[in-house]
Amino acid sequence: MLNRRAVLAGAASLALTLTACGTNSAGTSTAGSEGATVGIAMPTRSSERWLTDGKTLVNDLKGRGYKTQLVYGDDDPKAQVAQLEKLVKQGVDALIIAAIDNKSLNGVLQQAADAKIPVIAYDRLILGTKNVDYYVSFDNEMVGRMQAHHIIEKLGLDKGKGPFNIELFAGSPDDNNTKYFFQGSMALLQPFLDNGMLAVPSGQTKLDQITTLRWDGPTAQKRMTDILGKSYGSKTVDAVLSPYDGISRGVLAALNSDGYGTGLKPLPVVTGQDAELASVKSIIAGGQSQTVYKDVRLLADAASNMIDDLLNDRVVSTDDSVTYKNGVKPVPARLLQPTSVDKSNYDILISDEYFTADELK
C-alpha cells in the first residue's frame, strides 16, 4: 500500500498531524487529511454524466475536508496530459483520472510517481503503465450482458422467436471499457448469431468495425444512416446494440430519418447506458428501449473512500486484484453493480433521487 505523498513544504508538521489524528464513527478522516488537495481529471463536458461525476467528486471530497482541482480535457488527449502535468507541478496529493485516451498518460504518470502522488483510474482503466494504483468502476461486462439480455427478452429469442436483424455499435476504440461492454454483450448474443436467429445485414460484427470514436452521437448517426442505405432496402432493423445513450440518440435520429417510429415501421429495440435525462425521457415516450443506470454518486463515493484511505495510510478496500490487467500489471479494482432500466422500472431513478418526477415529464 502506498503512503501519503510527502509534501515538499511543511512535510514534518503535516506528518505529525497525520500521526495524531483519528477517524470519526463512519471511518472517514477527521483532521488527518486537512490541507490535502486532490486533482480530478474528467474527459469531457459534452456528456451529461461526466459533468455529474465531476461535481459529485468535488462535493464529496470537500465534505471530507479536502481541497480539489477539477479539470476537463474536452476529448483532447494532449490537453488532458497538459492538465495533469500542471496538477503534478502544483503539488496535488492524489489524482483521480478518467482518461480520454487510456494509452497516452505514461509520461505524465511517471512524473506523478516520481512525486509520490497516488493515482486512481476512474471508470476507465489506464493502460500500459505501472503507475496506476487503483481502479474504480462498475462491472462493465455486466453492463454489456444487461443490454444483450434486454434485446433477447424483447425480441423473444429466449422463447424461440426469430430470425431478426440486428446492428452492433461499440464505444470509443481508445477506451478500455469498450471491449468489456462488447464481450459482455456478445457472450449472450453470439449463440443467436451462430444459430441464425440473429443476422447482421451490414456484416459489421467485429469490434474494430463497430467502434465509435469518443462515443460521439453524430458519428453513430452517420454510420447508422450508411448502414440503412447500403444494407437494408426492404429489410427492417429489429434491434440495435448500443453501448451508450449518446450513441443511442444518434442511432435513433438516423432511424427516424429513415421512416422508423410509425405504426407501419416501428422503432427497433435500442439499448443504452448511463441513464442520461434525454434518453430516459425517450424511454418513457417509447423511443429508446433500455439504458443501464450507473449511479455515479456511488462511484464518486467509492473513489473518495479510496482517496481518504490512501491519504490516511489505511488499507484500501477492493473487490478484485487480478482481473483488470493493464498490460503491465493487474490493477486492484473496486467494482459497483449497475441496473438495467426500461419503461417498466424507470421509477427507480425517482426513488433514488437521481431525477425528480418533474424532470422526467
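Each residue is numbered by its place in its chain's sequence as written, counting from 1. With the structure being a predicted model, the display of local features is reserved for residues of pLDDT at least 70 and the display and counting of side-chain atom pairs for 80 or more, all residues being used for whole-chain, interface and lining totals. Calculated side-chain values reflect all of the structure's heavy atoms, with hydrogen atoms and water omitted.

The next thing to look at is the packing of aromatic side chains. Pairing of aromatic rings covers Phe, Tyr and Trp, the last through its six-membered ring, and needs centres within 6.5 Å; plane angles under 30 degrees mean stacked, over 60 mean edge-to-face, and all others mean tilted. Enumeration according to the criterion identifies six aromatic pairs in this entry. Taken together, Tyr-135, Tyr-180 and Tyr-324 form an aromatic cluster joined through their ring pairs. A ring has a charge above it when a Lys NZ or an Arg CZ is no more than 6 Å from the ring centre and no more than 35 degrees off the ring normal. Looking at Arg-49, its charged tip hangs above the ring of Trp-50, at a distance of 3.9 Å from the centre. Note that Arg-223 overlies the ring of Phe-169, its terminal NZ or CZ placed 4.2 Å from the centroid.

On to the sheet that holds strand E1 (residues 37-42), then. On the basis of which strands lie adjacent, the open sheet formed by six strands has the order E2-E1-E3-E4-E5-E11 and parallel pairing. Pairing within the sheet leaves two strands with one partner each, and these edge strands are strand E2 (67-72) and strand E11 (333-336). Averaged over neighbouring strand pairs, the angle between their axes works out to 15° when direction is ignored. One bridge is not enough; two strands pair if DSSP finds at least two bridges between them. Numbering of helices and strands starts at the N terminus; helices are DSSP runs of H or I of at least 4 residues and strands are runs of E of at least 2. Lines fitted to C-alpha atoms define the axes, with helix axes restricted to the stretch in contact, and inter-axis angles between N-to-C directions lie between 0 and 180 degrees.

What follows deals with the confidence of the model for the protein. Across the protein, pLDDT averages 91, with 91% of residues at or above 70. Every residue in residues 1-32 scores below 50 in pLDDT, and together they form 52 contacts with partners more than four places removed in sequence or on other chains. pLDDT: the predictor's confidence for each residue, scored from 0 to 100. Any two residues whose heavy atoms approach within 4.5 Å are treated as being in contact.

Note: most peptide bonds trans; most residues except glycine with negative phi. Here the amide bond leading from Gly-162 into Pro-163 is cis, since omega sits at 5°, within 30 degrees of zero. In this structure, Glu-353 is a non-glycine residue whose phi angle is positive, near 60°. Secondary-structure assignment places Glu-353 in the segment after helix H12 (348-351).

Attention shifts here to the pattern of salt bridges. Any Lys or Arg side-chain nitrogen located within 4 Å of an Asp or Glu carboxyl oxygen qualifies as a salt bridge. Considering all chains together, one arrives at 18 salt bridges under this definition. A salt bridge links Asp-301 to Arg-64; its shortest N-O distance comes to 2.9 Å. Residue Asp-301 is located in helix H11 (residues 296-311), and its partner Arg-64 is located in the loop between helix H2 (48-63) and E2; the two are separated by 237 residues in the primary sequence. Burial here depends on accessible area, computed with a 1.4 Å probe over protein chains only, as a share of the maximum for the residue type. Under 20% is buried, over 50% is exposed, and the range in between is partly exposed. With relative accessibility at 10%, the residue Arg-64 sits in the buried group. The closest approach of N and O atoms between Lys-294 and Asp-123, which form a salt bridge, is 3.9 Å. Of this pair, Lys-294 sits in the loop between strand E10 (290-293) and H11 while Asp-123 sits in the loop between strand E4 (119-122) and strand E5 (134-138), placing them 171 residues apart in sequence.

Below, the discussion takes up the side chain of Asp-174. Position of Asp-174 relative to the elements: it lies in the loop between strand E6 (164-168) and helix H6 (177-194). We classify Asp-174 as buried; its relative accessible area is 13%. Not counting residues up to four positions away in its chain, the partners in contact with Asp-174 are Ile-100, Asp-101, Asn-102, Leu-213 and Arg-214.

Moving on to the nonpolar core. In this text, buried Ala, Val, Leu, Ile, Met, Phe, Trp, Tyr and Cys residues form a nonpolar core when linked through side-chain atoms within 4.5 Å. Counting 28 residues, the largest nonpolar core has Met-42, Leu-57, Ile-96, Tyr-122, Val-136 and Ile-307 as its most contacted members. Within the residue set of this core, elements represented by two or more residues are E1, H2, strand E3 (94-97), E4, E5 and H11. When near neighbours in sequence (up to four residues on either side) are disregarded, Val-136 contacts Ile-120, Ala-121, Tyr-122, Asp-123, Leu-299, Ala-302, Ala-303, Met-306 and Arg-334. The next biggest cluster of nonpolar side chains, apart from the first, holds 27 residues, and it includes Ala-41, Val-88, Ile-97 and Leu-127.

It is worth spelling out the sheet that holds E6 at this point. Strand order across the open sheet formed by four strands is E7-E6-E8-E9, with parallel pairing between neighbours. Unpaired on one side and paired on the other, strand E7 (198-199) and strand E9 (269-270) mark the two borders of the sheet. By the bridge criterion, two bridges tie E6 to E7 in an arrangement that is parallel. Bridge pairing in E7 places Phe-164 opposite Leu-198. Against the sheet, helix H5 (residues 140-155) touches E6, E7, strand E8 (239-241) and E9, its axis set at about 170° to E8.

Let us look at the pairing of E4. Working note: regular strand, side chains alternate between the two faces of the sheet. Residues Val-119 and Ala-121 line one face of E4 and the alternating positions Ile-120 and Tyr-122 line the opposite face, and both faces are buried. Bridge count between E3 and E4: three bridges; the pairing is parallel. For Ile-96, the partnering residue across the bridge sits in E4 and is Ile-120. With three bridges connecting them, E4 and E5 associate as parallel partners. Residue pairing across strands places Ala-121 opposite Tyr-135, the latter belonging to E5.

A few words now on the pairing of E3. Neither face of E3 is open: one carries Ala-94 and Ile-96, the other Leu-95 and Ile-97, and all of them are buried. Judged from the four bridges that link them, E1 and E3 form a sheet pairing that is parallel. Along E3, the bridge assignment pairs Ala-41 with Ile-97.

The subject of this paragraph is the side chain of Ser-172. With respect to the helices, strands and loops of the structure, Ser-172 is situated in the loop between E6 and H6. Under the relative-accessibility criterion, Ser-172 is labelled buried at 1%. Polar contact is the term for a pair of N or O atoms within 3.5 Å; when the atoms are in protein, one must be able to donate a hydrogen and the other to accept it, and sequence-neighboring residues count only if both atoms are side-chain atoms. Of note is the side chain of Ser-172, whose polar atom sits 2.6 Å from the side chain of Asp-174. Those residues in contact with Ser-172 that sit more than four places away from it in its chain are Thr-178, Thr-212, Leu-213, Arg-214 and Trp-215.

Looking now at the packing of H5 against H6. The geometry of H5 relative to H6 is characterised by a closest axis approach of 7 Å and an angle of 35° between their N-to-C directions. With respect to the hand of their crossing, H5 and H6 are arranged in right-handed fashion. In this structure, H5 contributes Asn-140, Glu-141, Val-143, Gly-144, Arg-145, Gln-147, Ala-148, His-149, Ile-151 and Ile-152 to the contact, and H6 contributes Asn-177, Tyr-180, Phe-181, Gln-183, Gly-184, Ser-185, Ala-187, Leu-188, Leu-189 and Phe-192. Under the scheme applied, nonpolar residues are Ala, Val, Leu, Ile, Met, Phe, Trp, Tyr, Cys and Pro; charged residues are Asp, Glu, Lys and Arg; polar residues are all the others, including Gly. Each residue belonging to the contact of H5 with H6 can be placed in one class, and the counts come to 10 nonpolar, eight polar and two charged. If you view the pair so one helix is near and one far, a crossing is left-handed when the near helix is turned anticlockwise from the far one by less than a right angle, and right-handed when it is turned clockwise.

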